[in-house]
Amino acid sequence: MAMLTVGNLTKRFSVGGGSTKVAVDNVSLTVETGQFVTVIGSNGAGKSTLLNLIAGRHLPDEGRIVLDGVDMTDWSEHRRAAYIGRVFQDPLQGTAASMTIEENLSMAAARGRRRGLRRGVTAEQRQRFRELLAQLELGLEDRLRSDVGLLSGGQRQSLSLIMATLTKPSLLLLDEHTAALDPKTARQVLELTERIVSQHRLTTLMVTHNMEHALRMGDRTIMMHEGTIVLDVSGPERNDMTVQDLLDEFSRVRGHKVLDDRLLLA
Ligand SMILES: Nc1ncnc2c1ncn2[C@@H]1O[C@H](COP(=O)(O)OP(=O)(O)OP(=O)(O)O)[C@@H](O)[C@H]1O
Ligand SMILES: [Mg+2]
């Protein structure tokens, strides 16, 4: 069964002066259950917009989004959050700084339930949080009542990952979630990502600018350019690909763009 189906999705933004920018241009994509897809593409290619459309932050101008057989195209972001976990590039976005670690985790555990039903942190929950955090080997299990604002970027991204996956979402969306971290911390957070994704067999879309990570992590890679998917590789074809192959592909699509511009000018 197909887990995520995106059909003919288009998103236009008005950019002033009455003109529009097509950020996502008639994109169709099917992601199988448990598949881990890495998403690459140059700045402005439409990667974040695609993830934002899937998560419900933006509503599409055209197209459908179906998750687990349920059409959620018209659902609010809040309603989708019960099924979709997200981690953003900015460590400040995924967690609430003025709340403690256990309050943040408790909030994540209640995601998708009615707000009124949320209670304080139970002893049972606290034990579970302690065990989850101990896996990170960052010592956070002993700081459950510390404010999240006191944590480093890497610690916050690790916590964001735990929070995004606490309720075993149907879909995990990662948008350059290690880009703001130093290389060593980024590596640790990526290792944690692989561990959590494989542990729960999560269907995952991960945007990255790192070609090495794009090829070595997950089991499928798509490249976006000007709002469309220009490359989609998996299996043996992907296994045989090198970073240079990806860079060549980038040049090729950009080359075509230059050609198109010349044609337009002619
Ligand atoms: N809220 C918005 N309002 C207007 N234009 C937007 C908005 N969000 C995105 N865009 C435009 O849509 C296009 C795609 O942007 P998007 O953020 O999806 O690119 P991206 O592939 O994530 O790039 P990057 O690698 O820089 O993060 C860009 O031209 C961008 O300027
Ligand atoms: Mg982006």
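The coordinates are above.
Each chain carries its own residue numbering, running from 1 in the direction its sequence is written. Labels follow written order: the first chain is A, the first ligand is 1, and so on. Only residues with pLDDT of at least 70 get local features here, since the model is predicted, and only at 80 or more are side-chain atom pairs given and counted; chain-wide, interface and lining totals rely on the full set of residues. By convention in this description, side-chain values take in all heavy atoms of the structure and omit both hydrogens and water.

## So, the packing of aromatic side chains
Centres within 6.5 Å make a pair out of two Phe, Tyr or Trp rings, where for Trp the six-membered ring is used; the pair is then stacked when the planes are under 30 degrees apart, edge-to-face when over 60, and tilted otherwise. Summed over the entire model, instances satisfying the criterion amount to one aromatic pair. Here the aromatic rings of Trp75 and Tyr83 are separated by 5.9 Å at their centres, their planes lie at 55°, and the arrangement is tilted. Only when the NZ atom of a Lys or the CZ atom of an Arg is both within 6 Å of the ring centre and within 35 degrees of the ring normal do we say a charge sits over the ring. The ring of Trp75 carries the charged tip of Arg79 above its face, separated from the ring centre by 3.7 Å.

## Describing helix H4 (residues 123-134)
Think of it this way: any DSSP run of H or I at least four residues long counts as a helix, any run of E at least two long counts as a strand, and we number them from the N terminus. Multiply 1.5 Å by the residue count of a helix minus one, and that product is the helix's expected span. Taking 1.5 Å per residue as the helical rise, H4 with its 12 residues ought to reach 16 Å, and the 16 Å between its terminal C-alpha atoms agrees with that figure. In this fold, the buried residues of H4 make contact with helix H3 (101-109) and helix H5 (153-165). We call two residues in contact when some of their heavy atoms are within 4.5 Å.

## Considerations on the pattern of salt bridges
Counted as salt bridges are all cases of a side-chain nitrogen of Lys or Arg within 4 Å of a carboxyl oxygen of Asp or Glu. Enumeration over the complete set of coordinates arrives at nine salt bridges. The partner of Arg57 in a salt bridge is Glu77, and the shortest N-O contact between them spans 3.2 Å. Note that Arg57 is positioned in the loop between helix H1 (47-55) and strand S4 (62-67) and Glu77 in helix H2 (residues 77-80), a separation of 20 residues in sequence. For Arg57, a relative accessible area of 40% puts it in the partly exposed group. Only protein chains enter the area calculation, which uses a 1.4 Å probe; residues under 20% of their type maximum are buried, those over 50% are exposed, and those in between are partly exposed. A relative accessible area of 31% means that Glu77 is categorised as partly exposed. Residues joined in a network through salt bridges with shared partners are Arg64, Asp71 and Asp74.

## Some thoughts on the sheet that holds strand S3 (residues 36-40)
Strand pairing is assigned whenever DSSP detects at least two bridges linking the two strands. Reading across from one edge, S6-S7-S8-S3-S9-S10 is the order of the six strands in this open sheet, with mixed pairing throughout. Both outer strands of the open sheet, strand S6 (84-87) and strand S10 (228-234), are each paired with one neighbouring strand and no more. Each strand of the sheet is rotated relative to its neighbour by a mean of 15°, with strand direction disregarded. Axis geometry follows a simple rule: fit a line to the C-alpha atoms, using only the stretch in contact for helices, then measure angles between N-to-C directions, giving values from 0 to 180 degrees. The strands touched by H1 within the sheet are S3, S6, strand S7 (171-175), strand S8 (204-207) and strand S9 (220-225), with S7 carrying the most contacts at an inclination of about 150°. Across the sheet, H5 touches S6 and S7, and the angle it forms with S6 is around 175°.

## Digging into the site of ligand 1
Residues are classed as near a molecule or strand on a simple rule: at least one heavy atom within 4 Å of it. Around ligand 1 lies a shell of 13 residues, among which Asn43, Gly44, Lys47, Ser48 and Thr49 are the nearest. One of the backbone nitrogen or oxygen atoms of Ala45 is found 3.1 Å away from an oxygen atom of ligand 1. Whenever a nitrogen or oxygen atom comes within 3.5 Å of another N or O atom, the pair is scored as a polar contact, on the condition that within protein one atom can donate a hydrogen and the other can accept it, and that pairs from neighbouring residues in sequence are kept only if both atoms are in side chains. Ser48 places a polar side-chain atom, nitrogen or oxygen, 2.9 Å from an oxygen atom of ligand 1. Reported accessibility uses the Shrake-Rupley method at a 1.4 Å probe radius. Residues are deemed covered only where the shown protein chains occlude them. A total of 630 Å² of accessible area belongs to ligand 1 in isolation, and the protein chains cover 65% of it. Looking at the shell around ligand 1, the elements that each hand over two or more residues are strand S2 (20-32) and H1. Among the elements that make up the shell around ligand 1, the one with the highest residue count is H1 (three residues). Just so you know the grouping, Ala, Val, Leu, Ile, Met, Phe, Trp, Tyr, Cys and Pro go in nonpolar, Asp, Glu, Lys and Arg go in charged, and all remaining residues, Gly too, go in polar. Its residues assigned to classes, the shell around ligand 1 shows three nonpolar, seven polar and three charged.

## Quick notes on the packing of H3 against H5
Following both chains from N to C, one finds H3 and H5 inclined at 30°, their axes separated by 8 Å at the closest point. With respect to each other, H3 and H5 are oriented roughly parallel. With respect to the hand of their crossing, H3 and H5 are arranged in right-handed fashion. The segment H3 lies against H5, with Ile101, Asn104, Leu105 and Ala108 engaging Leu159, Ile162 and Met163. Considered class by class, the residues forming the contact of H3 with H5 number six nonpolar, one polar and no charged. Note on angle classes: values under 35 degrees are labelled roughly parallel, values over 145 roughly antiparallel, values of 65 to 115 roughly perpendicular, and the remainder oblique. Here a crossing is called left-handed whenever its near helix is offset anticlockwise from the far helix by less than a right angle, and right-handed whenever the offset is clockwise.

## So, unusual backbone geometry
Of note, the phi angle at Glu137 is positive, near 55°, even though the residue is not glycine. Looking at where Glu137 falls in the secondary structure, it is placed in the loop between H4 and H5.

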